[in-house]
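Residue-level listing of the chains:
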Amino acid sequence: MVQDNPESIKWAVALTTAPRKDCTLNVCIEHLKTCGWEPIIFAEPGSTKTDCQTITNEQKKGVWHNWLSSAKWCLENTDADVILTVQDDTILHPDSKTFAEACMWPAADCGFLSLYTPKHYSINKKGELKAPGVNRIWTNALWGACALVFPREALRRIAYSAIADQWLGSIPKTNDSNIFNLRRNDPSTIANSDMAIGKIINSMRLSMWFVDPSPGIHIARYSTCGHGDNTGQRNAYRKADFNTPLNQQIPIHNKMKLNNDYNYFNSV
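Residues numbered from 1 in each chain as written. Predicted model: local features only at pLDDT ≥ 70, side-chain atom pairs only at ≥ 80, totals over all residues. Heavy atoms only, no water.

Q: Could you clarify how one ought to interpret the sheet that holds strand 2 (residues 40-43) in this entry?
A: One open sheet accounts for eight strands, arranged 3-2-1-4-8-6-9-7; its pairing is mixed. In this open sheet, the two edge strands, each paired with only one partner strand, are strand 3 (54-56) and strand 7 (133-137). Here the strands of the sheet are splayed against their neighbours by 25° on average, with no regard to which way each runs. Direction of pairing for strand 2 relative to strand 3: parallel, over a ladder of three bridges. Note that in strand 3 the partner of Ile-41 across the bridge is Thr-54. In the packing of helix 4 (residues 152-159) onto the sheet, contacts are made with strand 4 (82-87), strand 6 (110-114) and strand 8 (147-151), and the angle to strand 8 comes to roughly 105°. (Pairing = 2+ DSSP bridges. Helix = DSSP H or I, 4+ residues; strand = E, 2+ residues; numbered from the N terminus. Axes fitted to C-alpha atoms, helices over the stretch in contact; angles between N-to-C directions. Contact = heavy atoms within 4.5 Å.)

Here it is as structure tokens:
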């Protein structure tokens, strides 16, 4: 894909939602539309109704399988070059779409570009604040899959991978192996989609990139799956100013153009 002409980039935006105390879905949609995106809603039963195109699950899928289903739907039903998956408790800076298009892709092996950066990804091992930019993050336990921009082929490999098919969530703190049997019997209880995505990305030896200051803000006070509120590491440390253009806040110093005759994903 050539990024010299952003108008040629075809997007699909998958917005996953579930019933939530103090619903944030409509404000999320409002921000996405301000950016220039038209989201497709992938809704659990009982979710807030909207005027957007909506695929409503007949039965509850849960965090992981709703995300996975949304990714597969976009791959199978659109010809999008780039797919954004976003959670319903995220708002985005108005320049998020144009900024993402301007920095596609920061590396040839880019697995995703995250428009949301959790607190601890802004701080280095010495406890110092990193320089603003589009920064690569190395992690074995990915946090914060709030707004991820995927090259189509990377998402295809993730969604149809063996790890995705077999994912049962993170190891419980109690080390109770019966939890996994319960999750097998009721896949709607499987969560930790961010951890699964990171695990798959690492297995494919792809890279993860985060925009900092964070164009995305995690606004929900209540989790739909018991993960707590949006404080601490569950929010951005350095948030982009929504009244200032992103390109004045975040340098794009590691942009890499890809040519039509070069496809990293077919070379690995």
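Q: What am I meant to see in the environment of His-31 here?
A: Relative to the elements of secondary structure, His-31 occurs in helix 1 (residues 25-35). Put simply, His-31 and Ile-91 are 60 residues apart on the chain and 5.8 Å apart in space, counted from C-alpha to C-alpha.

Q: Help me understand the pattern of salt bridges, please; the structure alone is not making it clear to me.
A: Side chains carrying opposite charge are able to pair once their charged atoms draw close together. If you walk through the whole model with that rule in mind, you get six salt bridges. With a closest N to O distance of 2.5 Å, Asp-88 and Arg-20 form a salt bridge. Placement of Asp-88 in the loop between strand 4 and strand 5 (90-92) and of Arg-20 in the loop between strand 1 (11-17) and helix 1 is noted, with a sequence separation of 68 residues between them. Look at Asp-88 and you get buried, because its relative accessible area is 2%. In this structure, Asp-89 and Arg-20 form a salt bridge, with 3.7 Å as the shortest nitrogen-oxygen distance. Of this pair, Asp-89 sits in the loop between strand 4 and strand 5 while Arg-20 sits in the loop between strand 1 and helix 1, and the two are 69 residues apart along the sequence. Residue Asp-89 shares its accessibility class with Arg-20, and that shared class is buried. (Salt bridge = Lys/Arg side-chain N within 4 Å of Asp/Glu carboxyl O. Buried < 20%, exposed > 50% of the residue type's maximum accessible area, 1.4 Å probe, protein only.)

Q: Would you mind showing me how to read the pairing of strand 8 here?
A: Looking along a regular strand, one sees the side chains alternate between the two faces of the sheet. Within strand 8, five of the five residues are buried, which leaves it mostly tucked inside the rest of the structure. Pairing of strand 4 with strand 8 involves five bridges; the strand directions are antiparallel. Residue pairing for strand 8: Ile-83 is matched across the bridge by Phe-150.

Q: Would you take a moment to explain the environment of Trp-105 for this structure?
A: With respect to the helices and strands, Trp-105 occurs in the loop between helix 3 (96-102) and strand 6. A residue is classified by how much of its surface remains accessible, and Trp-105, at 3% relative accessible area, is buried. Considered as a pair, Trp-105 and Phe-150 are 45 residues apart in the sequence and their alpha carbons are 9.8 Å apart.

Q: Looking at this model, I keep getting lost on the state of the cysteines. Mind explaining?
A: What is meant by a disulfide is a covalent connection between two cysteines, made through their sulfur atoms. For the structure shown, the criterion picks out zero disulfides. For Cys-35, which is in no disulfide, the shortest distance to another cysteine sulfur is to Cys-28 and amounts to 9.5 Å. Cys-103 carries a free sulfur, and the closest cysteine sulfur to it, the one in Cys-110, is 8.6 Å from it. Cys-103 sits in the buried class, given a relative accessible area of 1%. (Disulfide = S-S within 2.5 Å.)

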